Each structure stands twice: as C-alpha cells, then as structure tokens.
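Each chain, written out:
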Amino acid sequence: AAVGAASQGVSDTLGGAGPITVFAPVNDAFAKIPMADLDALLADQTALDNVLGYHVVAGQTLANDLSDGQVIEMSNGVELTVNVSGANVTLTDEAGQVVNVVGTDIRLLNGTVHLIDTVLSPVEPQQGPGNIVEVASDNGAFGSLLGAAVRVGLDSTLPSAGPFTVFAPTD
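Summary of the structure given here. Just so you know, these numbers come straight off a predicted model, no measurement behind them.

**Topic: the nonpolar core**
Phase 1 of the analysis: Ranked by size, the top nonpolar core spans 15 residues in total, and within it Phe23, Ile72, Met74 and Leu91 carry the most contacts.
Phase 2 of the analysis: Of all the elements in the fold, those that place two or more residues in this core are β4 (79-85), β5 (88-92) and β6 (98-108).
Phase 3 of the analysis: For Met74, the contacting residues outside a window of four places in its chain are Phe23, Gly53, Tyr54, His55, Val56, Val57 and Leu80.

Written out as structure tokens, the structure is:
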C-alpha cells in the first residue's frame with residue numbers, strides 16, 4: 001500500500017534495473033504505527049517518499065556483506081549503522097532507534113530484500129525559531145510593531161543575524 005501511494009520516482013527505483021537492496025518492514029512493523037499517523041503518512045506523498053527512501057540502498061548488499069559498525073547510506077542520503085552480534089543483525093538510525101533484521105537475502109531480479117521489524121522514519125531537521133520579524137509575523141499579534149519597524153527602517157535590520165532583544169508590545 002505504501003509503495004502504491006508513493007510517487008512514480010519511488011516506483012521506478014524499486015522496479016528499475018537495480019541492483020538495489022531494500023530493508024523492507026514486515027506488516028507487523030506498519031501495525032506499530034498509530035492508524036491516524038499511518039493514514040497521514042500515506043496521504044503525504046513527499047513524506048512517504050522520504051520514508052520509503054530511508055529503506056533503499058543503491059547496489060546489492062547481501063547479509064554476509066554486512067559487518068559490525070558498518071555505515072550504510074540510504075537512497076535519501078541518511079545513514080544507518082549496522083550492528084552484528086553473532087547471528088543477530090540490527091540497524092541503528094540517526095535518532096538512535098534500533099531495528100531488528102528478521103529475514104535476509106530474499107533475492108529479486110533487481111536486488112535483495114532484508115526484512116526489518118520496524119518502519120524507519122527519518123528525523124526531521126530542527127528548525128530554529130526564526131528571526132524577530134518571522135516570529136512576530138507568525139504570531140499575528142504584532143502588526144502595529146511590524147508596521148512601525150517598516151516606517152523607521154528597521155525592517156531590513158531585524159531579519160539579520162543580530163543578536164537583538166526586542167521588548168515587543170502586542171497590538
């Protein structure tokens with residue numbers, strides 16, 4: 001269902017000549033996601049493409065090619081760390097989440113699939129609070145202050161790096 005809701009680019013990657021390696025979540029992995037969150041993900045093609053890209057590696061990587069501490073770059077540019085302990089293989093994502101590899105080396109025409117017990121989700125980059133003008137504009141309660149800043153020429157100064165402190169009266 002997720003691949004069917006993804007963009008044509010994801011479908012082309014998964015169905016292309018390859019070779020690729022896919023760390024594919026089992027159905028129980030998707031069942032761990034609250035239904036409302038899963039529905040929202042399936043409805044947001046950009047977010048879905050990013051999540052699915054977090055499960056694909058260019059080239060064929062078999063289980064025997066995985067080594068403890070190995071870093072794998074996924075097709076969306078994010079890296080996972082492989083952890084091998086005896087017969088157990090796990091992947092650790094950028095947020096420190098550990099997922100278990102529960103099946104390996106399912107061969108396809110264009111690559112290999114390894115089964116994992118959790119859906120990997122990329123960490124959204126943290127964005128700062130914005131500059132003074134952005135915060136005041138987003139808040140909506142500082143229209144008079146912003147108008148006054150424009151009148152006295154501070155509209156080009158306040159968005160700059162600063163640092164500034166503004167004691168801002170609301171409208």
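**Description of unusual backbone geometry**
Phase 1 of the analysis: A positive phi is found at Asp105, a non-glycine position, where the angle reads about 55 degrees.
Phase 2 of the analysis: Within the secondary structure, Asp105 sits in strand β6.

**Describing the side chain of Thr61**
Phase 1 of the analysis: Residue placement: Thr61 occurs in the loop between β2 (56-58) and β3 (71-73).
Phase 2 of the analysis: Each residue touching Thr61, except ones within four places of it in the same chain, is listed here: Thr21, Leu66, Thr112 and His114.

**A look at the sheet that holds β4**
Strand pairing in a sheet takes place through backbone hydrogen bonds and is either antiparallel or parallel in direction.
Phase 1 of the analysis: Pairing in this open sheet of seven strands is mixed, and the strands run β2-β1-β7-β6-β5-β4-β3 from one edge to the other. Bordering the open sheet on either side are β2 and β3, each of which pairs with just one other strand. Across the sheet, the mean angle separating the axes of adjacent strands is 30 degrees when strand polarity is ignored.
Phase 2 of the analysis: Summarising the sheet, β6 and strand β7 (residues 111-116) pair through five bridges and their orientation is antiparallel. Looking across to β7, one finds that Val101 is bridged to Ile116.

**Regarding the pairing of β6**
Residues in a regular strand project their side chains so that they alternate between the two faces of the sheet.
Phase 1 of the analysis: Where β5 meets β6, three bridges bridge the pair, whose relative direction is antiparallel. Along β6, the bridge assignment pairs Leu91 with Val99.
Phase 2 of the analysis: Turn length for the β6-β7 hairpin, with the two strands adjacent in sequence and antiparallel, is two residues.

**A word on the pairing of β4**
Phase 1 of the analysis: Relative to β4, β3 runs antiparallel, the two being bridged by three bridges. When the bridges of β4 are listed, Ile72 appears paired with Leu80.
Phase 2 of the analysis: Two successive antiparallel strands, β3 and β4, enclose a turn made up of five residues, where Gly77 displays a positive phi of approximately 90 degrees.
Phase 3 of the analysis: When β4 meets β5, the two strands line up antiparallel, connected through five bridges. Counted as the bridge partner of Thr81 is Thr92 from β5.
Phase 4 of the analysis: The hairpin turn running from β4 into β5, its antiparallel successor, is two residues long, and Gly86 in that turn takes a positive phi close to 65 degrees.

About the cut-offs
Residues numbered from 1 in each chain as written. Predicted model: local features only at pLDDT ≥ 70, side-chain atom pairs only at ≥ 80, totals over all residues. Heavy atoms only, no water. Core = buried A, V, L, I, M, F, W, Y, C linked by side-chain atoms within 4.5 Å. Buried < 20%, exposed > 50% of the residue type's maximum accessible area, 1.4 Å probe, protein only. Helix = DSSP H or I, 4+ residues; strand = E, 2+ residues; numbered from the N terminus. Contact = heavy atoms within 4.5 Å. Pairing = 2+ DSSP bridges. Axes fitted to C-alpha atoms, helices over the stretch in contact; angles between N-to-C directions.

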